[in-house]
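Listed here are the chains, written in short residue letters.
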Amino acid sequence: MIKPGPKSARKPARKAVVLLSGGLDSATALAMAIKQGFDCYVLSFDYGQRSLTELNAARCVVEQLGITEHRIIRLHLEDFGGSALTDHSIDVPDHETGGIPVTYVPARNTVFLSLALGWAEVLEATAIFIGVNAVDYSGYPDCRPEFIDAFEKMANLATKSGVSGQGVKIHTPLMNMTKADIIREGQSLGVNYADTISCYQADDEGRACGVCDSCRLRASGFEDAGVQDPTRYISA
């Protein structure tokens, strides 16, 4: 657990809404937000994804990092489908593919950030953290800095807090980090990556498939960082 400094030395904490999937990246982003002194309100989504074990992982991460306010919102993105993560008739690829992969969920980060924005406005929070990355990632269009910049501009045009002058900033602390750098940073902050799951199709016991794009990126990150991979795999 990341511990705050002595009470007498602390200023009133700024509030932040942090998006947490239960994966390696979002857990690290949460730890970084805590380190920066934010009072973190954590938001996760049950959006009809193929594997719900990531939500169990999110609960573990929240407990590990000492978060008191964690909400899980049910969405029905499976009603639209269009992604291997929300439509079981579309297979999750076990090899690298060209272009935007079928695991991209249409408008997912736009939807997630919009709901985080609504909660942030209610909380009078000035920050939203999201663990998107544009270096070691799957090529999703809603993980790019151009998207984040555009969303932040929209957020400050579309909300009462924005037009009244307080506004909100979208923090993407992992945007330009390699997966190995993210793992090293998380380790320095005490994140227990054994509690996280990155697999697109983990089984009910929380074991990763080891072959999907997310598993390959995660495994490569641990190897490049020189850190033992704590992931439990189905084939192990």
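Summary of the structure given here. If you're wondering where the values come from, they're calculated on a predicted model, not measured in any experiment. (Residues numbered from 1 in each chain as written. Predicted model: local features only at pLDDT ≥ 70, side-chain atom pairs only at ≥ 80, totals over all residues. Heavy atoms only, no water.)

### Description of the sheet that holds strand β4 (residues 127–129)
Across the sheet, which stays open at both edges, the five strands sit in the order β3-β2-β1-β4-β5 with parallel pairing between neighbours. Of all strands in the sheet, those with a lone pairing partner are β3 (70–74) and β5 (169–171), marking the two edges. Between one strand axis and the next, the sheet turns by 25 degrees as a mean value, whatever way the strands run. Two elements, strand β1 (residues 14–19) and strand β2 (residues 38–46), share six bridges in a ladder whose sense is parallel. The residue bridging Val 17 from the neighbouring strand is Tyr 41, located in β2. The strands touched by helix α1 (residues 24–35) within the sheet are β1, β2 and β4, with β2 carrying the most contacts at an inclination of about 160 degrees. (Pairing = 2+ DSSP bridges. Helix = DSSP H or I, 4+ residues; strand = E, 2+ residues; numbered from the N terminus. Axes fitted to C-alpha atoms, helices over the stretch in contact; angles between N-to-C directions. Contact = heavy atoms within 4.5 Å.)

### Focus on the pattern of salt bridges
All chains considered together, the criterion is met by eight salt bridges. Glu 78 is the salt-bridge partner of Arg 74, the closest N and O atoms lying 2.8 Å from each other. When its relative accessible area of 37% is taken as the criterion, Arg 74 is described as partly exposed. For Glu 78, a relative accessible area of 27% translates into the label partly exposed. For Arg 184, the salt bridge goes to Asp 181, with nearest N and O atoms at 2.9 Å. One end of the pair is Arg 184 and the other is Asp 181, both in helix α6 (residues 179–188) and three residues apart, which spans about a single turn. (Salt bridge = Lys/Arg side-chain N within 4 Å of Asp/Glu carboxyl O. Buried < 20%, exposed > 50% of the residue type's maximum accessible area, 1.4 Å probe, protein only.)

### A closer look at helix α4 (residues 145–158)
End to end, α4 covers 20 Å across 14 residues, agreeing with the expected 20 Å (1.5 Å per residue, within 8%). Along α4, the positions that sit buried rather than exposed are Phe 147, Ile 148, Phe 151 and Ala 155. The buried residues of α4 occupy an angular sector of 95 degrees when the element is viewed end-on, so they sit on one face. With respect to the buried face of α4, the exposed residues turned more than 90 degrees away are Asp 149, Lys 153 and Leu 157. Next to the buried residues of α4 lie α3 (108–123) and β5. (Expected span 1.5 Å × (residues − 1). Arc of directions from axis to C-beta.)

### What about the pairing of β2?
Every regular strand shows the same layout, with side chains that alternate between the two sheet faces. In terms of burial, β2 is a largely internal element, eight of the nine residues being buried. Note on the crossover from β1 through α1 to β2: the handedness is right-handed. As paired elements, β2 and β3 share five bridges and run parallel to each other. Looking across to β3, one finds that Ser 44 is bridged to Ile 72. Running through helix α2 (residues 53–64), the crossover from β2 to the neighbouring parallel element β3 is right-handed. (Right-handed = clockwise from strand over helix to strand, strands pointing away.)

### Topic: the packing of α1 against α6
Relative to each other, α1 and α6 sit at 50 degrees, their axes nearing to 10 Å. By the angle between their directions, the pair α1 and α6 is classed as oblique. Here α1 and α6 pass one another in a crossing that is left-handed. Every residue of α6 that contacts α1 at Leu 24, Asp 25, Thr 28, Met 32 and Lys 35 is listed here: Lys 179, Ile 182, Ile 183, Glu 185 and Gly 186. Here the residues of the contact of α1 with α6 are counted per class, giving four nonpolar, two polar and four charged. (Parallel < 35°, antiparallel > 145°, perpendicular 65-115°, else oblique. Left-handed = near helix turned anticlockwise from the far one by under 90°. Nonpolar A, V, L, I, M, F, W, Y, C, P; charged D, E, K, R; others polar.)

Nothing here speaks to function; it is geometry throughout.
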